[in-house]
Amino acid sequence: MFNLLVSQTEPRAYRTLSDALQAAPAGAVNIAITPGHYRTEAYRFWGTAVVTALGPRGSVVIDCSDEHNLQIEGRTTLQRLVLRNWHPDGLALSVVGGTAVVEDCEFMSRSATSVSARSGAELFLRGSTARDAGIAYLDAAGVIEGTEVIGAGACGIALRDGARVSVRNCRVNGAREHGIWVTTRANPLIEQCEIDGTDQAGIMVDAHARAAIRGGSISGSKLCGLVVRDDAHATVEGLRITTAAMDGVWCTTRGVLTADRVTVQDARRHGAVVDDGAAATLTSCVIEGSTDLGIAAGGGGSRTEVTGGRIERNKVGVGFGDDGALTMTGVELTRNADAGLVLMPGGPARLRNVTVTRTEGPGLIVFRGADADIEALVSTGNQKGDLRDFQPASDSTTAPATTPAPPSAPPRPSVPPTERPTGSAAPTAAPNASLDALLAELDAMIGLREVKEEIGKLVKFLRVAEQRRRAGVAQGPSIGRHMVFSGSAGTGKTTVARVYGQLLAALGVVADGHVTEVSRADLVGKVLGETTQKTTAVFHNARGGVLFIDEAYALSRRFGVGTDFGQEAIDTLVKLMEDHRDEVVVVFAGYSAEMREFLSTNPGLQSRVSRTIEFEDYTPDELVAIVEGLTAQFTFVLADGTRDALKAHFQLSRRTATFGNGREARRIFEATVQQQALRLADHDDPSPEELVQLLPEDLNGVVDRGLGTRFGEARDTDQLDAILGQLSAMVGLESIKQQIRDLMDLIVMARRRRAAGLPADPLPSHLVFSGPPGTGKTTVARLYGSLLAALGVLARGQVVEVSRGGLVGAFTGQTAALTTEAFERARGGVLFIDEAYALVRPAGSGPDYGQEAIDTLVKLMEDHRDEVVVIVAGYTDEMQSFLAANPGLASRFSATVEFPAYGLDELVEILVRMAEPAGYTLPADTLTAVRSHLTTHAPDFALGNAREVRKLLAAVQTAQARRLRDCERTGLETTVDDLRLFRPQDIGALEGS
């Protein structure tokens, strides 16, 4: 195994981890890092390496301000490192399709996530710490063991998209959203974990996920301790849940919970809630000290089975009613305050060998009309006996406690989930709903004008085709029913797919119209042939209805890594769609650009899909209407000021790739209800009107109401001022700074003219940066991207830096794929191509794959002109040749920014600025020596500019260290000033080197 060293002081060592990884030869490599504080640039590593700090954890700190410190796509082990990322959307560690083993490391990030594993990756994380940001697995596998997640800005640990992860002996503290979020068919084991102080649920299991939870504890959750919802399954053994601010356990919306020996203590509302079609089996559980009900069951056809266990010291032991079913066997209810057991009218309640003792109120209350089958009930020592066939008087002030309304839904996490129904209030269609009723339901949905038109057209075609069939006349060509639903997240694709299935059933096109929802994880196997079996099984399960494939683009080679079994799923689907064209309707869903590329992955795919329906983002008015629909659904009322504040928020919201649309509206509603509850908690006796009204102050902390107006409508002036301040602080470059400010002014005025209804020229975007190296081109490009993001021109403003090697492949066709991949990574930001002239090769110098990259870029720049800003950089003369390489290339760039070489005074200032953060000072006599050295070696600095100054600083550091060591050998002591000051002799020592 090859050995490399990273050090700030050792000669011939690499100065950064990215430098060492870039220099690593093929095969395995050991990289040792000496203690110190390092800065690095984002680096993607495909090889095999073991990276180790030569000291305890904390001795090596690696900072990065790019979109990731390290992206692993090979096999890498990290030991005792601290990785910190300061980019607003950055990751400290990203594992993409590779395998990473991480031991005794620490991660920090300004974004919601510090460590991410996705796209079939494996991440084994042991004995480590994540601070201020969480850990996310998306379609990935691995182990998280003995690890702490402290103060995550969103979820502590997020497991998504079929993730298969074991989480053992971990601690999650103070997460701003859920402690552990298990969603979209993830299937983890969570064992002996401690979760405390989360702002939302301790553990949330939703969206068809399956979780096994063994042992451990959840304490101090500001909403519910454990939530199981949205067709998810959870098996829980030996878990302890304490002091939840709302409910200890909430199982809802068709969730399935199997709980054995679970303890719920001191919930501030109910110990356990089962409602809305959920099913819960509670065996040998203890629920005690709840402020309201120990168990609240019933509603939406829910099923609750309680066997054994104890329900103690709650206000009411068990409350049941409404549409549902309750079975209790061998349960002890003791020392509850108002009542032991309350059975209201609704579904059947079956009680066997239940004991109710020492209740301060009635032991048992059975309301008149309740369906109660009670056998071998023991009710003793209760202060008010039992009340059977109970019917309180209408003016009674002593009516017993009843089953509560279901709790408000916990807010959705900010980690972007897969597609869900939007906030429109229309319910899912019944299986036998009439065609007109289904069309009315579709029409009642908020927004979606073009979607409704396209579905309406298709229904008309299919209705006439069915009339022809019944009349026995010629059918004409068959009408394709397979579709692509493209658009952003939260725009209603899944909801419309469900209604579409019922419409097809009502028209007799399919048998029953059920919708089978799947993603890549449900279709793709690990070995050749397994994918075909899985895809075929899923397809046959969907026969008679609709197969809805969410994020379908994840199946294609373009988005896959390694061995591409996703393509096998596509090829299998194409054949099945032809063989069973009258039995299954397939709907592919995903983001618009990705779905366009997905359709090209198989020659027969596009011919099988009859049409693409684009789901547009909701307008601000439509998002407000969705919130209003939710308030009406849950009997709340929006105050006028609240409605105005919501509209202003949605008008100012940045529509990034992760904006949730209807899901964001639901999140805001749910969080607002929570804020209202916190506000009213300080009121002794709020009125009924106060209990349902949502005021503007309930939006505090829920929406960002502090932004001004970009482009005169939505501009974040503080952020703009900060970025422009960084630009102004750069040494020299006065003409560059003025050009950038002029570009900003043009953008602002163009937006204002358009808003005023006046004609406006296209916004300036793509730029040419020309000049010698080391003159600040890359730094200015990064600031330009941030400026465009602050102005709202770009969604994110990240800068993706590439050169010829990142765009040009080894054979025809590979280059187009590489260039497109780089362009896609830059979507929403800036693609910075350094030494772009290297893409142009002289005539007769071999196959010119660089020209293929240029031609691909020209098309992409036109197709995505509003999504990516391209900046090409290089020497002035060579850039002229580059712009002439394609007839349409020069016209794509709005301006050329010329970067002059730095002057002598500017180079001196750059050296001083580089030295100061490292704790060095250059007195006047040393500066004089520096000027002399720069003058003597002017040709070197004319070529390298600031890069040569950085080399000069390293050389002066070495000369100072050599001088001080020589002094110590003669018996002189080294003072703090000696360590801090560069002397003229340190500069003079360079002349002979």
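Note that the coordinates shown come from a computational prediction; the quantities given were computed from them, not determined experimentally. (Residues numbered from 1 in each chain as written. Predicted model: local features only at pLDDT ≥ 70, side-chain atom pairs only at ≥ 80, totals over all residues. Heavy atoms only, no water.)

## Examining the packing of helix α6 (residues 530-541) against helix α7 (residues 565-579)
Right, so step 1: The contact between α6 and α7 brings their axes to 9 Å, and the two run at 40°. In terms of their interaxial angle, α6 and α7 are classed as oblique. At the point where α6 passes α7, the crossing takes the right-handed sense. Counting all contacts with α6, which are made through E530, T531, T532, T535, T536 and F539, the residues of α7 involved are F565, E568, A569, T572, L573, L576 and M577.
Right, so step 2: Among the residues forming the contact of α6 with α7, the class breakdown is six nonpolar, five polar and two charged. (Axes fitted to C-alpha atoms, helices over the stretch in contact; angles between N-to-C directions. Helix = DSSP H or I, 4+ residues; strand = E, 2+ residues; numbered from the N terminus. Parallel < 35°, antiparallel > 145°, perpendicular 65-115°, else oblique. Left-handed = near helix turned anticlockwise from the far one by under 90°. Contact = heavy atoms within 4.5 Å. Nonpolar A, V, L, I, M, F, W, Y, C, P; charged D, E, K, R; others polar.)

## Looking at the packing of helix α18 (residues 814-825) against helix α19 (residues 849-863)
Right, so step 1: One way to put it is that α18 packs onto α19 with a least axis distance of 9 Å and a crossing angle of 40°. In terms of axis orientation, α18 runs oblique to α19. Pair α18 / α19 crosses with right-handed handedness. Note on element contacts: α19 touches α18 through Y849, E852, A853, T856, L857, L860 and M861, opposite Q814, T815, A816, T819, T820 and F823.
Right, so step 2: Considering only residue class, the contact of α18 with α19 consists of seven nonpolar, five polar and one charged.

## Some thoughts on the environment of L573
Right, so step 1: Structurally, L573 can be placed in helix α7.
Right, so step 2: What makes L573 buried here is its relative accessible area of 1%.
Right, so step 3: Taking the C-alpha atoms as reference points, L573 and T532, separated by 41 residues in sequence, lie 8.8 Å from one another.
Right, so step 4: Beyond its immediate chain neighbours, meaning those up to four positions away, L573 contacts L523, T535, F539, L547, I549, L555 and F588. (Buried < 20%, exposed > 50% of the residue type's maximum accessible area, 1.4 Å probe, protein only.)

## Some thoughts on the pattern of salt bridges
Right, so step 1: A full pass over the atoms with the stated rule returns 44 salt bridges.
Right, so step 2: A salt bridge links E237 to R261; the nearest nitrogen and oxygen atoms lie 3.9 Å apart. Here E237 is found in strand β29 (residues 233-237), whereas its partner R261 is found in the loop between β32 (256-260) and β33 (263-265), with 24 residues between them in sequence.
Right, so step 3: For E909, the salt bridge is made with R913, and the minimal N-O distance between the two is 2.8 Å. Note that E909 and R913 are positioned in helix α22 (residues 904-915) at a spacing of four residues, about one turn of the helix.
Right, so step 4: Residues participating in the shared-partner salt-bridge network are E288, R310, E312, R313 and R335. (Salt bridge = Lys/Arg side-chain N within 4 Å of Asp/Glu carboxyl O.)

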